[in-house]
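# Commentary on secondary and tertiary structure
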Amino acid sequence: MHLLALRISQYLGLRPDPVLKHWAVARIARSKSALSQESDAGLCSAIVEKFEKEGERASYADIAKKAWEAGRVRLATMLLDHESRAAEQVPLLLEMKQDKIALEKAVDSGDTDLVYHVLLRLQSALSPGDFFHLLDDSLTPALTPAVRLLQVYARENNRQLLRDFYYQDDRRVDAGTLYVEEAYATPLADDRAELLRLASKSFAEDKDAAFESKQAEDAARLLQMQAGYEAEADHRVALRGLSLSDTISALITHGLGKRAEALRSAFKVPDKRWWWLKLKALAAAKNWTALETFAKSKKSPIGYEPFVRHLLAVEQPGQAALYVPRCEARHRPDLYVECGLWGKAAEAAKERGDKSKLEEIRQRAPSGLAQREVEEVIRRAK
């Protein structure tokens with residue numbers, strides 16, 4: 001008597017959807033009998049057509065659940081396709097073990113919380129292999145947003161899950177990058193070194209990440225050498241965590257030059273970089289004798305003007321002046337001026353026969369002793 005009940009509901013102004021639901025469930029129940037072989041597609045079409053004819057937007061999820069309970073899984077899935085509310089679709093799909101469809105529906109809904117709900121439900125219900133296989137967006141590109149959300153969640157809450165995902169999905173560079181992030185997040189040097197070794201190993205499994213692999217390996221090796229040098233120095237100098245350049249500078253500053261040389265050799269530090277580091281470190285330590293010996297050890301690959309400039313920058317004009325004679329002749333007059341040695345600046349200009357520079361120095365020289373020294377050089381030059 002469903003039609004009569006429907007008309008009475010309409011006449012009384014009551015919502016007719018309870019009647020329509022009851023009719024749909026009864027129709028599904030009757031279709032199980034041997035006398036009715038109604039197909040899933042036909043039955044789904046009849047139910048949807050009836051609801052649309054009566055202008056009602058009932059919850060197809062409720063009817064789908066009854067179909068599923070009646071053993072009509074395919075029919076239930078087809079009915080859920082007509083359910084407009086993803087929050088009603090997804091829980092039943094999960095209950096029906098239609099995991100992939102549930103995840104796709106959650107993604108289509110644009111509801112981030114719903115996607116997370118499905119992901120966490122599946123992660124707890126499935127084996128890691130099945131879970132990651134389901135998320136293979138190379139097979140199902142529509143699931144890419146879910147894969148991204150999983151990575152965001154795992155990065156903040158479950159790093160092991162993220163590592164497992166990268167391993168299962170053959171993302172060696174991503175896995176290596178994760179190890180590097182974790183390495184520099186830990187305060188323990190030994191743990192950091194171990195994580196960097198794991199990063200190096202992971203990078204090495206990708207032929208395009210040879211550079212990253214070498215860098216991670218070198219970083220782990222540097223930590224090991226830093227720990228050894230700290231122990232040798234009775235922990236008077238803190239090295240672990242410093243960059244290679246800062247480690248070399250610290251060793252030189254603390255008088256551990258041989259150890260700095262060992263690092264230079266181990267990591268193939270270029271000559272120019274080495275000379276800059278040693279220049280600055282010896283100047284910082286005010287070890288003028290060692291700096292002069294170093295400057296004379298061989299021809300400087302950076303020249304000698306950097307010695308003058310850096311010593312002036314650290315307010316050591318007297319020391320800076322010692323290196324001016326090693327600089328190019330055309331630069332010496334100006335360098336002596338910067339050192340405050342006006343007489344020597346005039347002498348350098350006179351030796352080059354540069355009368356215009358000599359006159360410039362005379363005009364710039366401050367009155368007093370500096371002026372007299374310059375005038376004396378000019379007098380002797382005539």
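The model shown is predicted, which means the values in this text are computed figures rather than measured ones. (Residues numbered from 1 in each chain as written. Predicted model: local features only at pLDDT ≥ 70, side-chain atom pairs only at ≥ 80, totals over all residues. Heavy atoms only, no water.)

### Regarding the packing of aromatic side chains
Under the counting rule described, the total for this entry stands at eight aromatic pairs. Where Trp275 meets Phe307, the ring centres are 6.3 Å apart and the plane angle is 65°; that geometry is what we call edge-to-face. Linking Trp275 in helix α17 (residues 271–284) with Phe307 in helix α19 (residues 305–313), this pair joins segments that are 32 residues apart in sequence. You'll find Trp275 and Phe307 in the same group, each marked buried. An aromatic cluster of three or more residues is present, and its members are Trp275, Phe294, Tyr304, Phe307 and Tyr323. A cation over an aromatic ring shows up here: Arg221 above the ring of Phe267, its NZ or CZ 4.5 Å from the ring centre. (Phe/Tyr/Trp six-rings, centres within 6.5 Å; stacked < 30°, edge-to-face > 60°. Helix = DSSP H or I, 4+ residues; strand = E, 2+ residues; numbered from the N terminus. Buried < 20%, exposed > 50% of the residue type's maximum accessible area, 1.4 Å probe, protein only. Lys NZ or Arg CZ within 6 Å of the ring centre and 35° of its normal.)

### Thoughts on the side chain of Ser200
Inspection of the secondary structure assignment puts Ser200 in helix α13 (residues 189–204). Judged by relative accessible area, which is 9%, Ser200 ranks as buried. Those residues in contact with Ser200, other than ones at most four positions away along the chain, are Ser213, Ala216 and Glu217. (Contact = heavy atoms within 4.5 Å.)

### Quick notes on the domain arrangement of the protein chain
Split by domain assignment, the protein chain resolves into domain 1 (1–32 + 40–83) and domain 2 (305–381). Measuring from the centre of the C-alpha atoms in domain 1 to the corresponding centre in domain 2 gives 101 Å. (Domains from an automatic or database assignment.)

### Here we look at the nonpolar core
Of all hydrophobic cores here, the largest spans 52 residues; its most connected members are Ile248, Leu263, Trp274, Leu291, Phe307 and Val308. In terms of residue count, the dominant contributor to this core is α17 (seven residues). Sequence-distant contacts of Leu291, that is, excluding residues within four places in its chain, are made with Leu279, Leu282, Phe307, Leu311 and Tyr323. (Core = buried A, V, L, I, M, F, W, Y, C linked by side-chain atoms within 4.5 Å.)

### Quick look at unusual backbone geometry
What is expected of a backbone is that most residues other than glycine have negative phi and most peptide bonds are trans. If you check the backbone angles, Lys268 has positive phi at about 50° while not being a glycine. Following the sequence through the fold, Lys268 ends up in the loop between α16 (257–266) and α17. Phi at Glu315 takes a positive value of approximately 60°, unusual for a residue other than glycine. With respect to the element layout, Glu315 can be found in the loop between α19 and α20 (317–321).

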